[in-house]
Every structure is written in structure tokens, then in C-alpha cells.
Amino acid sequence: MAERSVLVTGGTGGLGGPVVTAFVEAGWRVVVPVRSGPTGADPAGRAVVRVTADLTDPDAVERAVAVAAGEAAAPLRAVVNLVGGYGAGGRVHETPVAEFDRMLTLNLRPTYLVTHSALPHLVAAGGGAVVCVSSRAALAPFVGAAGYVTAKAAVLAFAAAVAVEYRACGIRCNTVVPGVIDTPGNREAQPDADRSRWVTPGEIAPVIRFLASDESAPTSGAVVPVYGRG
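Anyway, here's the lowdown on the structure attached to this text. Predicted model, so just to flag it, every value in this text is computed and none were measured.

## Some thoughts on the overall build of the protein chain
From N to C terminus, the protein chain includes eight helices and eight strands. Here the C-alpha atoms of the protein chain give a radius of gyration of 17 Å, agreeing with the 17 Å that 2.2 N^0.38 yields for 230 residues. Once the C-alpha set of the protein chain is aligned to its principal axes, its extents read approximately 50 × 35 × 35 Å. Expressed as a percentage of contacts within the protein chain between residues at least 6 apart in sequence, the contacts between residues at least 24 apart total 67%. Only carbon and sulfur atoms are counted for the fraction: they give 56% of the accessible area of the protein chain, which is about 10,800 Å². Computed over 19 positive and 19 negative side-chain charges, the inter-centroid distance for the protein chain is 3 Å.

## Topic: the packing of aromatic side chains
Tallied over the entire structure, the rule returns four aromatic pairs. On the numbers, 6.4 Å between centres and 45° between planes, the contact of Y86 with F142 is tilted. On the criterion of sequence distance, the pair formed by Y86 in the loop between strand 5 (76–81) and helix 3 (97–107) and F142 in the loop between helix 5 (136–139) and helix 6 (146–165) is long-range, its members being 56 residues apart. Residue class for Y86 comes out partly exposed when judged on its relative accessible area of 49%. Classification of F142 as partly exposed rests on a relative accessible area of 41%. Feature note: the residues Y86, F142 and Y148 constitute an aromatic cluster, connected by ring pairs. The cationic tip of R136 hangs over the ring face of Y227; the distance from NZ or CZ to the ring centre is 3.9 Å.

## With respect to the pattern of salt bridges
All told, the structure shown has four salt bridges when counted by the stated rule. Between R35 and D54 there is a salt bridge; the shortest N-O distance is 3.5 Å. With R35 in the loop between strand 2 (29–34) and strand 3 (40–41) and D54 in the loop between strand 4 (48–52) and helix 2 (58–68), the pair connects residues that are 19 residues apart, well separated along the chain. Given the relative accessible area of 27%, D54 is considered partly exposed. E215 serves as the salt-bridge partner of R209, at 3.0 Å between the closest nitrogen and oxygen.

## A few points about the side chain of S216
Residue position: S216 is located in the loop between helix 8 (201–212) and strand 8 (223–226). Side-chain polar atoms of S216 contact the backbone oxygen of L211, separated by 3.1 Å. A distance of 3.0 Å separates the side chain of S216 from the backbone oxygen of S213, its partner in a polar contact. The residues touching S216, leaving out its near neighbours within four places in the chain, are R172, F210 and L211.

## A short note on helix 1 (residues 16–25)
Those residues of helix 1 lying buried are G16, V19, V20, A22 and F23. The arc that holds every buried residue of helix 1, seen down its axis, measures 160°, which confines them to one face. Structurally, helix 1 contributes buried residues whose contacts are with strand 1 (5–9), strand 2, strand 4, strand 5 and helix 8. Two residues or fewer past helix 1, G27 is found with a positive phi of approximately 95°.

## Concerning helix 8
Over its twelve residues, helix 8 extends 16 Å from the first C-alpha to the last, a length consistent with the 16 Å expected when each residue adds 1.5 Å. When we look at burial in helix 8, the residues that qualify are P201, I204, A205, I208, R209, L211 and A212. The arc that holds the buried residues of helix 8, viewed along the axis, is 160°, so those residues lie on one side. Residues of helix 8 that are buried sit in contact with helix 1, strand 5, strand 6 (128–133), strand 7 (171–178) and strand 8.

Rules behind the numbers
- Residues numbered from 1 in each chain as written.
- Predicted model: local features only at pLDDT ≥ 70, side-chain atom pairs only at ≥ 80, totals over all residues.
- Heavy atoms only, no water.
- Helix = DSSP H or I, 4+ residues; strand = E, 2+ residues; numbered from the N terminus.
- Rg over C-alpha atoms; globule rule 2.2 N^0.38 Å.
- Contact = heavy atoms within 4.5 Å.
- Areas by Shrake-Rupley, 256 points an atom, 1.4 Å probe, with all protein chains shown as cover.
- Lys, Arg positive; Asp, Glu negative; His and termini not counted.
- Charge placed at Lys NZ, Arg CZ, Asp CG, Glu CD.
- Phe/Tyr/Trp six-rings, centres within 6.5 Å; stacked < 30°, edge-to-face > 60°.
- Buried < 20%, exposed > 50% of the residue type's maximum accessible area, 1.4 Å probe, protein only.
- Lys NZ or Arg CZ within 6 Å of the ring centre and 35° of its normal.
- Salt bridge = Lys/Arg side-chain N within 4 Å of Asp/Glu carboxyl O.
- Polar contact = N/O pair within 3.5 Å; in protein donor to acceptor, adjacent residues only side chain to side chain.
- Arc of directions from axis to C-beta.
- Expected span 1.5 Å × (residues − 1).

Structural data, given as C-alpha cells:
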């Protein structure tokens, strides 16, 4: 029986699958919010619970977090914020504010709402870890993605604030910063790219699991690059 729970957003995505597997193999109970599809216990018998939630809706997030924190024998001890998405366009003056807002809603709002709802449970459990995902673009911007770059930079700033505000409660917050991740979506979008330089989800997952575990207890406020050979 698992003795601790982790909430993994984006757990059905290209990065999420290996991250969920890494936690299950380490003995965690894993709660995965999904927009639609089957919910409840994993039919394969793994310690995975799916719960329907729109992670941009505060009430839905509260319900999902309640499920993650609802197992007394396996208290919520970690949150992994993977949900996000990329959008590109023109330069700033060519980017509609609606598109700029969409990037913030997709990349920042779920991270804020989930962390906001989970923190009281982590405090009650005596501490824990929050792991966020930013992007190399937040540190090295490129032309045509101001909304995405801004949102991912905001994730870095938010994680730093959480690390400072909850240090005395025994809660750590760290951020991984991937380069281009080798996912089906990125392969489709960049068919001619040199994928040997990309980082794979299987390479990132153990880093995230480590940052959520007691093994990384002295580490908080870190920005961890996971670039592969890029």
C-alpha cells in the first residue's frame, strides 16, 4: 500500500506518462486530473486514480485536490505541475491580447490554482514538495512566442515565491526547465529537426520524481535545466 500521494497534472500527456510511472514505481499513490475519459482507480491495478477536472476552474481544482488529499493512509506530500502548452505567432505588436491571455491561462493559471489549493494540505501533512515545469524559452527567449515566454517566466517567479513563503512549513518548491521535449506533438510540429538533441520524457521523469522525494530535502527554489544535448 502506498504511504504518500502525489497530484500530477498533465499526467496523460507526452511527459506525464513517464512521470506517473516513475512515481508509481517509487511506491506513491498518484492522482491524475483529466478533462474527460475514464476516472477512478487504474484498471491495470496500479496506484493511480483519475479524477475529472478543468484545471482552469477553481472549484474543479479544489475537488481534484480533495481527492488527492483524501486518503488518510497516504497523505498528499507532493504536487507536480506539468500542464501547459505552446503557442507561437508574430512579434509582440502582431500578437492579439487574446492569444497572450491564452498562454497565461494555459501555462500559469493551472499551476497557480493547483498549488494554491494543495498548499494547506501539504502544510497539514508536515511538509512536502511542489515541482513546476517552465521552459528554456523563459531564460532564452526567441522571436514569435512572447505569450509563451512570458507565461513560462511567470511560472519561474511563482515557484520562487512559493519556495520563500513556505520554507518554514517544510514545503519545497523547485522548477525543471526543459529544452525541446521529444514528444509526438513536437515531432509532428518539427519533422526536420535533429531529435538527437532533444530531451526525452524518460530522462526528465526521474529528475521530477527526485525533486518531489525526501532525497532532495535540502533543495528548494532551484531552477533545474533539463536540456538533453540541445
